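Summary of structural features
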Amino acid sequence: NFKRILYTLLSLSMNYSRVKVYDKALETYGHLLRNAEIFNYDSLLPQVYHNIGDLHYIMGNYSIANAYFKKSQTRMLRDTEDFLLCLFNLGQTEYQLQNWDASKGNFELLKEEASKLKVHHYGMYATFYLILLDNKKSKAMDYLEKKLLPYISTDGRCADAYKLFSNLLSDFYKEEGKFDKAVYFKL
């Protein structure tokens, strides 16, 4: 029964996050985290830390999100897609915090781990950010438009990433004054 309560709290927290009731999501995650730690339910902690990090990232609290993603990464099993997602989110958060070296390190590790696991879309995400971190924004956006977005457009697991990258490309074209393309890619 205790496991069911924990998973119910997790589900409730995630649903609060999805409907943008962030204060209630944080409160529920707090209860979940406290109970999981008290009862040493270690298998759930990496996911809880990661989800709390996601929530703080969405809220724009990048430093707090970064701390939770790091906690999640240290407890997560390496050879999993969850680990790849954690590396991606950690790299993105470091990018937002303008910690360029840390971001680059996370994306290099993501590219390496994605290659080992043969999860190509994560390798492509890493490649995009590595080009961007190499101060080649136009080349990164070209890669995004011609390779990454077409590759992930048909994969239902990549819907959130498609939206993220499509909006990045739209913002780039808006800055360039190419409004037709900006509108085309805006989701």
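Above this text you will find the structure in question.
These remarks concern the structure in this document. Just so it is clear, the structure is predicted and the values come from calculations on it, not from any experiment.

**Considering the pattern of salt bridges**
Side-chain pairs of opposite charge can arise whenever the charged atoms involved come near each other. Under the counting rule described, the total for this entry stands at 12 salt bridges. A salt bridge links glutamate 81 to arginine 157; its shortest N-O distance comes to 3.5 Å. With glutamate 81 in helix H5 (residues 81-96) and arginine 157 in the loop between helix H8 (137-152) and helix H9 (159-175), this residue pair connects regions lying 76 residues apart in the sequence. The exposure class assigned to arginine 157 is exposed, which follows from its relative accessible area of 59%. For glutamate 113, the salt bridge goes to lysine 116, with nearest N and O atoms at 3.1 Å. Here glutamate 113 and its partner lysine 116 are both found in helix H6 (residues 100-117), 3 residues apart, which amounts to about one turn of the helix.

**Concerning the environment of isoleucine 52**
Tracing the backbone shows isoleucine 52 in helix H3 (residues 45-58). Residue class for isoleucine 52 comes out buried when judged on its relative accessible area of 4%. Each C-alpha atom, one on isoleucine 52 and one on leucine 26, is 7.4 Å from the other, the two residues being 26 residues apart in sequence. Beyond its immediate chain neighbours, meaning those up to four positions away, isoleucine 52 contacts Tyr29, Leu33 and Tyr68.

**Considering unusual backbone geometry**
In this structure, lysine 20 takes a positive phi of about 65° despite not being glycine. Along the chain, lysine 20 falls in the loop between helix H1 (2-18) and helix H2 (22-38). For lysine 20, a relative accessible area of 61% corresponds to the exposed category. Look at asparagine 135: it is not a glycine, yet its phi comes out positive at around 60°.

**What to know about H3**
Because each turn of an α-helix spans 3.6 residues, side chains separated by three or four positions end up pointing in the same direction. With 14 residues, H3 extends 20 Å between its outermost C-alpha atoms, agreeing within 8% with the 20 Å of an ideal straight helix rising 1.5 Å per residue. Most of H3 is tucked away: 11 of the 14 residues are buried. All buried positions along H3 are accounted for by Leu45, Pro46, Val48, Tyr49, His50, Asn51, Ile52, Gly53, Leu55, His56 and Tyr57. Where the residues of H3 are buried, they touch H1, H2, helix H4 (62-75) and H5. Of the residues flanking the end of H3, it is glycine 60, one or two places downstream, whose phi is positive at about 85°.

**Describing H8**
At leucine 144, H8 shows its largest kink, close to 40°. Of the positions making up H8, those classed as buried are Ala140, Met141, Tyr143, Leu144, Glu145, Leu148, Leu149 and Ile152. Looking at the buried residues of H8, the elements they touch are helix H7 (120-133), H9 and helix H10 (179-185).

**Details of the nonpolar core**
Nonpolar side chains in soluble globular proteins tend to be buried together. Residues Tyr125, Phe128, Leu148 and Phe165 are the most contacted members of the largest nonpolar core, which totals 35 residues. Those elements that provide at least two residues to this core are H5, H6, H7, H8, H9 and H10. For leucine 148, the contacting residues outside a window of four places in its chain are Met124, Tyr125, Phe128, Tyr143 and Phe165. Listed in part, the 15 residues of the second largest apolar core include Leu10, Ala25, Leu32 and Leu33.

**Some thoughts on the packing of aromatic side chains**
One pass over the structure, following the stated rule, counts 19 aromatic pairs. Their ring planes at 65° and their centres at 6.3 Å tell us that phenylalanine 88 and phenylalanine 107 sit as a pair that is edge-to-face. Pair noted here: phenylalanine 88 is in helix H5 and phenylalanine 107 is in helix H6, with a separation of 19 residues, a long-range link. The same class applies to phenylalanine 88 as to phenylalanine 107, namely buried. With 6.2 Å between their ring centres and 65° between their planes, phenylalanine 88 and tyrosine 129 make a pair best called edge-to-face. Here phenylalanine 88, found in helix H5, pairs with tyrosine 129, found in helix H7; they are 41 residues apart in sequence, far enough to count as distant. Each member of the pair, phenylalanine 88 as well as tyrosine 129, carries the same accessibility label: buried. Taken together through their ring pairs, the aromatic side chains of Phe88, Tyr95, Trp100, Phe107, Tyr122, Tyr125, Phe128, Tyr129 and Phe165 make up a single cluster.

What counts as what
- Residues numbered from 1 in each chain as written.
- Predicted model: local features only at pLDDT ≥ 70, side-chain atom pairs only at ≥ 80, totals over all residues.
- Heavy atoms only, no water.
- Salt bridge = Lys/Arg side-chain N within 4 Å of Asp/Glu carboxyl O.
- Helix = DSSP H or I, 4+ residues; strand = E, 2+ residues; numbered from the N terminus.
- Buried < 20%, exposed > 50% of the residue type's maximum accessible area, 1.4 Å probe, protein only.
- Contact = heavy atoms within 4.5 Å.
- Expected span 1.5 Å × (residues − 1).
- Bend = angle between axes of the 7 residues up to and from the residue.
- Core = buried A, V, L, I, M, F, W, Y, C linked by side-chain atoms within 4.5 Å.
- Phe/Tyr/Trp six-rings, centres within 6.5 Å; stacked < 30°, edge-to-face > 60°.

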